[in-house]
Every structure is written in C-alpha cells, then in structure tokens.
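# Examination of the molecular architecture
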Amino acid sequence: MVTVAIIGLGNRGRIYAHNFNAQGAKINAVCEKNPGMLKYIREKYDIPEDKAFLDEKDFFAAGKLADALVIATQDRDHYRHAMSGMALGYHLLCEKPVSPFLDQCVELEETARNKGLKMVICHVLRYAPYYDRIKEVIDSGAIGEITNINQTENVGYWHFSHSYVRGNWRREEETGPSILAKCCHDLDLIYYYTGKPCERVYSIGERRVFLPENAPEGATARCMDGCPHRKSCPYEVSKLYYKVTAKTIPWLLGHVKVVTGKGNPKLKDIKEALRTNQYGRCVYKCDNDVMENQVVSCKMGNVNATLTMTAQSKLCFRRTHICGTKGEIFGIDKNGYFTLSVFGERSKKVRVKKKIGHLGGDSGIVRDFIELMETGEITSRLSLMSETIMSHKMAFAAEESRKTGKAVEIK
C-alpha cells in the first residue's frame, strides 16, 4: 500500500487527502498550521495524534513518515518544503505553481534528478478525460500537424474575486503573478499538445475593474458593514458564500472551510468570518495588484499559440481552439465534448464523461501518481519537474514582456 504525508490542508490539500484515501492509499501523517483544520483531517482519516503536526519544523524533524510527500502549501512555501522533503528521501507530488522564482524551479529539478527522486507537479488538466481525449486526437494525426492554438481561461468573476482580489493570491509580492498562479495549467497544455519548447513570448495585461476608483459612492470597506449597494453588487459576500440564489453562483459554498478556517463551519462561523477577515472586504477596497486580464503570445517552434486569461466572465471554463494542417478541434471544457472537424469531412462531436474536480483531473493525477509509486511507470500524462519547468519559464517570460513591453526570448 502506498503511503503519503500531506503538508498544507487548505482546499487543495483536502482534495488530495480525499482522493488518496478513496483510491486505497494510506495517509500516514499531516502538517497544517491551522489547529482546527488539522484536528478535522486527523479525525476524518484516523491519523494518529503524534503524526499530526502544527509546526513544519517538527514535521520534518520527525523523519520520513511515508513513501511520498504531498505539498499543498502556499506558492512561496513550496521550495522550502520540497527541499526539506527530498532531503529525507520523499518522492513529491507538489501543487502548482512550483515557485515564483526561476532559480528555485531549476534547483528543485536538479535536486530531484540528482537524488533519483520523482517530483510530479499538479498540472491536473493533463489527467482530465476532456483534455486527455484532445491529446489522443492530436497524437492520432487526425488534424495533421498543429499550426495554431488559441486557449482562453475564463476565470469567473466570483472565482477571481475570491482568490485574486480578496484571497491568498491577490498580491504578486506575496505569491506570484496571476498568469503563473492561475494559468500555468494552460501554458502547460500548450507545451503538452505541441511537444515543443517555447522560444519567444510577448504579453500584455491590465487591471480595470477591481480598483479603488470604481467603488460605488458610499460603499463601505466591508460588505457586511451596511453597504448601501449590497442588493445590486454581484460581489456581495452573502450571495457568494452562504445565501445563494438562482441568479448567483453556488460553487463558493465549497470554500467556506477556507473562509472560516474550520472543518465543519456553521452559518454563524461564516458570517463572523466575513465580518472580520479578508474575504469580507469590498472588492474595490482590497490590496490586490495582480492582473485581471492578460494575453500571452507564444512561439512554439513552427506553432503559434495564444493564451487569454480574463476575470470578466460569468462562468469558470476554458475554451480551446487547435488548428492543424488537416483539421481543427474546438471545444468548451464544461460542455463535456469538443468538435473535431477534419477538412472535407463532416464535423463530429467527441464526447467525454463529465466529472467534478478539475473535470476529473484531481482523481486522475492521484491515480497516475499511485501507479508511479507502485510500479515506477511514468505515464505520458505525468508532469515531472523536468517538464513543468517549461510552463513556468513561459509565465516568467510573459511577466517580463508585460512589464517591459518587449518580446522575451526563452533560453
């Protein structure tokens, strides 16, 4: 039986805990600085109290406690935790982005290679049936050689406000740029589909909506401070976190554990958190500085690729258009199918089974990782650190280009 230790029990850490447990692995140890969340997970998965750590120093001082370490902490903690884990001999499953610093990414790749350890990065879209099927069609030669890729990530106004305006990924100096934090999935897919390293990047971006000057007259600093615009504002917290209507988006109900820091929050806990913590702030009066909209143009050998990220969308989904010498693929991932059009033939819908959790990618990456631990087999989907570094280089180059206004060569 494969055993895992998990550090970081926020939304992503809890998802991996669920999937490892559901697929027969054993969670031997956990580390989380929030005592309420630590207790909740420890009891849920029957983890011994002496294998549940509040302090990362104690966690790593206890030695190697499992076959593999799952790193689901904040972006700027990944490097420290990965280096500590590899020093103990852990194989790693690390959340993306690996680090907002290229030199740290390079060092982690070299360390894993020199120690003979597997460091897999959670580019979970590779494992989603939808994107996996697109890859199969490309590899079959049905559309010939790829000439162009247009990928759009519609983040969703509610998701962006939660994570990138009010939440943990709102400031570049604390985490990293949004094009890295949110879209290294998409940059990885471009690399995965073409199989070619990126040579050159040009990017533009902007912030337009979540700015102090856009606050309606009389808006309060917090939604629950009697703001006169509560009924009309789509970002008003009750609509997003606990008082969902037919006109609002329900998915943030699943983030109330993050908002409250409690494993089983009650309504009173949610309301109290929104009265006091960062998630209850007016979206126009936060300290965010990451891009809301950004376009990245990439030269992948003889393939031209474009990624567009936007916060201004109602739903959270990705749109993919891949053009080839013999045909094209067009699809929206939330629909559960894409259209394959081979030139001179009738177009057809290619359907895949709709799943939850990054469209099934969350369970898929855990399945492939367990197989890696059991057999040593590296499936074609596994995104090892040696491959992941390309998506990160593309994101770093995009940010340099955006700030300088010049195209950036990737070496």
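Here, the structure is the one placed above.
## Regarding helix H2 (residues 35-44)
- Turning to H2, its buried residues number three or more, namely Met37, Leu38, Tyr40, Ile41 and Arg42.
- Of the residues flanking the start of H2, the one acting as N-cap is Asn34, its side-chain oxygen 2.9 Å from the backbone nitrogen of Gly36.
- The positive-phi residue at the C-terminal boundary of H2 is Asp46, with phi of around 55 degrees.

## Quick word on the pairing of strand E7 (residues 146-154)
- One ladder, built from 8 bridges, connects E7 with strand E11 (residues 317-324); its direction is antiparallel. Following the sheet pairing, Asn150 is matched in E11 by His321.
- Sheet analysis places E7 next to strand E10 (residues 303-310), joined by 7 bridges and oriented parallel. Paired with Thr152 across the two strands is Thr308, which belongs to E10.

## A word on the environment of Ala407
- Residue position: Ala407 is located in the loop between helix H14 (385-404) and strand E15 (408-409).
- Note: C-alpha distance between Ala407 and Ser297 (110 residues apart in sequence) is 9.2 Å.
- Residues in contact with Ala407, not counting those within four places in the same chain, are Arg200, Val201, Tyr202 and Ser401.

## A few points about unusual backbone geometry
- Of the consecutive residues Lys96 and Pro97, the connecting peptide bond is found in the cis state with omega at -15 degrees.
- Of note, Asp46 is a non-glycine position whose phi angle comes to about 55 degrees, a positive value.
- Positionally, Asp46 belongs in the loop between H2 and strand E3 (52-53).
- For Asp46, a relative accessible area of 66% gives the class exposed.
- Of note, Leu359 is a non-glycine position whose phi angle comes to about 60 degrees, a positive value.
- Residue placement: Leu359 occurs in the loop between strand E14 (348-351) and helix H13 (361-375).

Here is what the cut-offs are and how they apply
- Residues numbered from 1 in each chain as written.
- Predicted model: local features only at pLDDT ≥ 70, side-chain atom pairs only at ≥ 80, totals over all residues.
- Heavy atoms only, no water.
- Buried < 20%, exposed > 50% of the residue type's maximum accessible area, 1.4 Å probe, protein only.
- Helix = DSSP H or I, 4+ residues; strand = E, 2+ residues; numbered from the N terminus.
- Polar contact = N/O pair within 3.5 Å; in protein donor to acceptor, adjacent residues only side chain to side chain.
- Pairing = 2+ DSSP bridges.
- Contact = heavy atoms within 4.5 Å.

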